[in-house]
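# Overview (structure and organization)
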Amino acid sequence: MEVKFAVKRYDPITNADKSTQTYTAEVDEGDMVLDALLQIRDEQDPTLAFRGSCRTGFCGDCTMTVNGKGAIACRTKVKKAWDGAEDGAIELEPLKMSRQMKDLVYNAREFHWNKFRAVEPWVDPVQPPEKGEHLVPGGHDKHLTESMRCTQCGLCDQGCTVLVVDKTFVGPAALTKAYRVVADERDSRKRQRLDKLSLPRGMWDCTHCFEASEHCPKYIEPTDRIFDLHDMAIKAEAGPPKVVHHYKSFAASVKAHGWLDEGRLAIETEGFTNVKGLMKLLPLAVKAGLKGKHPMPYMLHKKRPGHEQIKRIFEKWESKG
Ligand code: SF4
């Protein structure tokens with residue numbers, strides 16, 4: 001099968017323009033994109049740069065953009081990419097949100113490693129036994145075991161809608177790594193880690209858009225793991241008190257009225273004793289009032305039809321602990 005590849009090239013030494021070079025290769029139907037790139041480099045162009053290591057989808061090293069979408073080159077069939085090619089060639093570029101270093105090689109240190117390092121992805125054990133293995137009490141739960149399958153390919157970061165606007169956000173890939181450590185019963189720094197993850201640009205900047213889960217080739221569900229981190233932080237009352245107040249107030253208001261009591265949420269998030277914080281809300285309240293929005297808090301907030309059923313759902317859930 002004869003296939004064309006349009007590769008976005010760049011050489012930092014000659015500082016050449018980022019031009020596109022087209023290669024034609026004879027490949028087998030079962031070949032992966034990484035196989036084709038290795039063949040092109042061996043037979044046509046030894047200057048072509050790309051990453052690749054295990055060739056089994058295990059190391060996450062050969063991540064790149066194939067026909068506009070983030071992909072693992074060693075797990076992407078050439079035939080499928082060729083069928084989906086729109087301009088007569090399979091388009092190959094480095095990962096979109098990272099800095100191109102040379103051809104298909106992106107700056108992994110900036111994009112991944114610094115963020116992974118920031119979450120300190122190693123277990124600091126509580127009290128290792130004097131002899132033998134330090135096993136997890138009760139065994140690993142399902143999600144913890146799943147998060148260990150993360151290859152650090154970074155495709156969840158590629159899909160992240162927060163990183164598009166703020167590259168300093170820690171991102172779902174590093175947060176999945178953080179979950180793996182925080183959820184490990186043997187770790188002695190759970191609270192400290194949750195406090196650190198609650199800092200600006202940390203886990204609370206996630207908008208829950210679920211794009212990270214959509215992009216994960218290992219079905220690890222990074223968005224759900226971020227939710228789990230949030231739940232653990234609320235339970236441990238870690239991070240800024242405002243966050244815990246906000247979540248508790250949100251749930252209490254929906255339980256009481258069947259829908260959100262925005263006035264109550266604003267007051268309880270700031271905290272009754274935080275006069276300065278409450279005063280800051282005044283201009284917003286006035287603005288909302290002038291636009292015809294009058295959120296009446298507490299007893300004055302209208303209950304939605306069917307609120308009794310919603311309350312019962314909460315009670316059933318709470319009775320399960
Ligand atoms: S969570 Fe999934 S997409 Fe994100 S780095 Fe790990 S394996 Fe890749």
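The coordinates are above.
Residues numbered from 1 in each chain as written. Predicted model: local features only at pLDDT ≥ 70, side-chain atom pairs only at ≥ 80, totals over all residues. Heavy atoms only, no water.

## Looking at the overall build of the chain
The following threshold applies: Numbering of helices and strands starts at the N terminus; helices are DSSP runs of H or I of at least 4 residues and strands are runs of E of at least 2. Here the globule rule reads 2.2 Å times residues to the power 0.38, and the radius of gyration is calculated from C-alpha atoms. Buried means the residue's accessible area, taken with a 1.4 Å probe over protein chains only, is under 20% of the maximum for its type, while exposed means over 50%, and partly exposed covers the values in between. Note on definitions: a residue-residue contact is assigned when non-hydrogen atoms from the two residues lie within 4.5 Å. Note on areas: these come from Shrake-Rupley sampling with a 1.4 Å probe, and a residue is covered only by the protein chains present in the view. Charge assignment in this entry is limited to Lys and Arg as positive and Asp and Glu as negative, and neither His nor the chain termini are counted. Charge coordinates come from a single atom per side chain, which is NZ of Lys, CZ of Arg, CG of Asp or CD of Glu.
Secondary structure assignment for the chain yields 13 helices and seven strands. Radius of gyration (C-alpha) of the chain: 25 Å, far over the 20 Å computed for a compact globule of 321 residues. Counting only C-alpha atoms, the chain reaches 75 × 65 × 40 Å along its principal axes. Across the 321 residues that make up the chain, the buried fraction comes to 42%. Considering only residue pairs separated by 6 or more positions, the chain has 63% of its internal contacts joining residues 24 or more positions apart. A total accessible area of about 18,700 Å² is found for the chain, and carbon and sulfur atoms account for 55% of it. A distance of 7 Å separates the average location of the 50 positive side-chain charges in the chain from that of its 46 negative side-chain charges.

## Looking at the pairing of strand S3 (residues 63–66)
Threshold: When DSSP finds two or more bridges between a pair of strands, those strands are recorded as paired.
Of the two faces of S3, the one holding Thr63 and Thr65 and the one holding Met64 and Val66 are both buried throughout. Where S3 folds back onto strand S4 (residues 69–72) in an antiparallel hairpin, the turn is made up of two residues, including Asn67, whose phi is positive at roughly 50°. With two bridges joining them, S3 and strand S5 (residues 90–93) adopt antiparallel strand pairing. Note that in S5 the partner of Val66 across the bridge is Leu92.

## Notes on the site of the ligand
Which entries qualify depends on this criterion: What makes a residue near a molecule or strand is one non-hydrogen atom of that residue sitting within 4 Å of it.
Around the ligand sit 13 residues in total, of which Cys150, Cys153, Gly154, Cys156 and Cys216 are the nearest. Put simply, the parts of the chain that give the shell around the ligand at least two residues each are helix H5 (155–159) and helix H6 (171–182).

## Looking at unusual backbone geometry
In this structure, Asp103 takes a positive phi of about 45° despite not being glycine. With respect to the element layout, Asp103 can be found in the loop between strand S6 (100–102) and strand S7 (105–106). With phi around 45°, Glu120 is a residue other than glycine that occupies positive phi space. In this structure, Glu120 sits in the loop between helix H3 (108–118) and helix H4 (142–147).

## Here we look at the pattern of salt bridges
Pairing between side chains of opposite charge can happen when their charged atoms approach one another. Threshold: Salt bridges are identified by distance alone: a Lys or Arg side-chain nitrogen within 4 Å of an Asp or Glu carboxyl oxygen.
With the rule as written, the count across this model stands at 21 salt bridges. For the salt bridge of Asp83 with Lys79, the shortest nitrogen-to-oxygen distance reads 3.0 Å. Here Asp83 and its partner Lys79 are both found in helix H2 (residues 78–83), four residues apart, which amounts to about one turn of the helix. Judged by relative accessible area, Asp83 falls into the exposed class, the value being 55%. Since its relative accessible area comes to 29%, Lys79 is described here as partly exposed. In this structure, Lys255 and Glu318 form a salt bridge, with 3.1 Å as the shortest nitrogen-oxygen distance. Of this pair, Lys255 sits in helix H10 (residues 241–257) while Glu318 sits in helix H13 (residues 307–319), and the two are 63 residues apart along the sequence. On the basis of relative accessibility, which here comes to 43%, the residue Glu318 falls in the partly exposed class. Among the charged side chains, a salt-bridge network with shared partners connects Arg9, Asp45, Lys102 and Asp103.

These values are about where atoms sit, not about what they do.
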